[in-house]
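Breakdown of the fold
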Amino acid sequence: MAEITASMVKELREKTDAPMMECKKALTEAAGDMAKAEEILRVKLGNKASKAATRVAAEGVVGMYLSADGKLGAVVEVNSETDFVAKNDDFIALSKGCAELVAKHDPADVAALSALPMGEGTVESTRAALVGKIGENMSLRRFARMAAKGRLASYVHGGSKIGVLIDVVGGDEQLAKDLAMHIAASKPKALDASGVPAELLDTERRIAIEKARESGKPEAMLEKIAEGTVQKFLREVTLLGQVFVKAEDGKQTIEQLLKAKGASVAGFTLFVVGEGIEKKTTDFAAEVAAQAAAAGR
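On a predicted model such as this, the values are computed, not experimentally measured, just so you know. (Residues numbered from 1 in each chain as written. Predicted model: local features only at pLDDT ≥ 70, side-chain atom pairs only at ≥ 80, totals over all residues. Heavy atoms only, no water.)

**As for the overall build of the protein**
From N to C terminus, the protein includes 13 helices and eight strands. A buried classification covers 40% of the 297 residues belonging to the protein. Taking contacts inside the protein between residues at least 6 apart in sequence as the whole, the part at least 24 apart equals 63%. Accessible surface computed for the protein: about 16300 Å², of which carbon and sulfur atoms make up 53%. (Helix = DSSP H or I, 4+ residues; strand = E, 2+ residues; numbered from the N terminus. Buried < 20%, exposed > 50% of the residue type's maximum accessible area, 1.4 Å probe, protein only. Contact = heavy atoms within 4.5 Å. Areas by Shrake-Rupley, 256 points an atom, 1.4 Å probe, with all protein chains shown as cover.)

**Notes on the environment of Ala184**
Tracing the backbone shows Ala184 in helix α9 (residues 173–186). Exposure remark for Ala184: the relative accessible area of 4% places this residue in the buried category. Spatially, the C-alpha atom of Ala184 lies 6.5 Å from that of Ile162, the residues being 22 residues apart in sequence. Other than its neighbours up to four places away in sequence, Ala184 contacts Tyr155, Ile162 and Val164.

**Digging into the environment of Ser194**
Following the sequence through the fold, Ser194 ends up in the loop between α9 and α10 (198–214). For the pair Ser194 and Thr238, spaced 44 residues apart in sequence, the C-alpha separation works out to 9.4 Å. One polar contact links Ser194 to Asp192, side chain to side chain, over a distance of 2.5 Å. (Polar contact = N/O pair within 3.5 Å; in protein donor to acceptor, adjacent residues only side chain to side chain.)

**Structural notes on the sheet that holds strand β5 (residues 138–147)**
Taken in spatial order, the three strands line up as β1-β2-β5 in an open sheet, and their pairing is antiparallel. Bordering the open sheet on either side are β1 (59–66) and β5, each of which pairs with just one other strand. In this sheet, adjacent strand axes meet at a mean angle of 15 degrees when their direction is disregarded. Bridge analysis of β1 against strand β2 (residues 72–80) gives eight bridges, and the strand direction is antiparallel. For Tyr65, the partnering residue across the bridge sits in β2 and is Ala74. Strands β1, β2 and β5 of the sheet are contacted by helix α6 (residues 89–105), whose axis makes an angle of about 145 degrees with β2. (Pairing = 2+ DSSP bridges. Axes fitted to C-alpha atoms, helices over the stretch in contact; angles between N-to-C directions.)

**Brief notes about the sheet that holds strand β6 (residues 151–157)**
Judged by pairing direction, the sheet is antiparallel, and its three strands sit side by side in the order β6-β7-β8 without closing on themselves. Two strands close off the open sheet at either side, each with one partner strand: β6 and β8 (264–272). With strand direction ignored, the average angle separating the axes of adjacent strands in the sheet is 15 degrees. Pairing of β6 with strand β7 (residues 162–169) involves seven bridges; the strand directions are antiparallel. Bridge pairing in β7 places Tyr155 opposite Val164.

**Observations concerning the pattern of salt bridges**
Inspection of every chain in the model, using the stated rule, returns 17 salt bridges. Put simply, Asp83 and Lys87 hold a salt bridge, and the shortest N to O gap is 3.4 Å. For Asp83, a relative accessible area of 29% gives the class partly exposed. Note that Asp178 is salt-bridged to Lys246, the shortest N-O span being 3.1 Å. Here Lys246 lies in the loop between α11 (219–237) and α12 (254–261) and Asp178 lies in helix α9, a separation of 68 residues in the sequence. One network of salt bridges, with partners in common, ties together Glu59, Asp83, Lys87 and Lys161. (Salt bridge = Lys/Arg side-chain N within 4 Å of Asp/Glu carboxyl O.)

Structure representation (structure tokens):
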């Protein structure tokens, strides 16, 4: 039997983008014949999607669509395992294509989006083919669609890692763009206090009370201190309460800015890639050793 060297495995991996151990298995099956091993892998490419699906996809991009009249928009998060793949042109095209489909077809959920037509097949078949081509898991995580009450503005930042859609009633185009950029920078959790989950406020209140108690504050003052802390928290996490990032005096809030411009915000959507996904830290040497051990069993 021909000896399968590390350099042969490396060469085949570079040609096909297939996983390392798959390359080694193909070379073994092909008795070291590089062309035949490549053919074996090309036959198996369709199976790579299901194998890759067990791996965490916490990188990715935000795909954005905005109609020419600013009345309809959508934002989609598509995840990948590595930032390298997130920069792939086909991957980026998939995210943008999905955003346009969301805007125009208003699917009920990710499953419905996956079933929509794309190219010569569907969104799902396009995604699976791309997984097979690249050899890395990728998934449609979430999307949001907005039909404007006023006019939509969008902003994408950090290599498409942060995406914002905002619906501004009144004001002008520059104001809407400034607000979208502000949201990307300051990352508000809600438009105003009514949109902040009660459990989040309860947590802030409990923490404030415990901190005040530990510092020796009188019991009679704890609730008042806690309320002050909660109000400060709300100013930090609500769009209307935040200080405008471009405020010349460093004090003007978004609420004050909107009042001065005779405008209001009907709503906004902020997507940060990978937010809430637990990312795995990988020791590459350990991974290789584990794969080799598994193959030897």
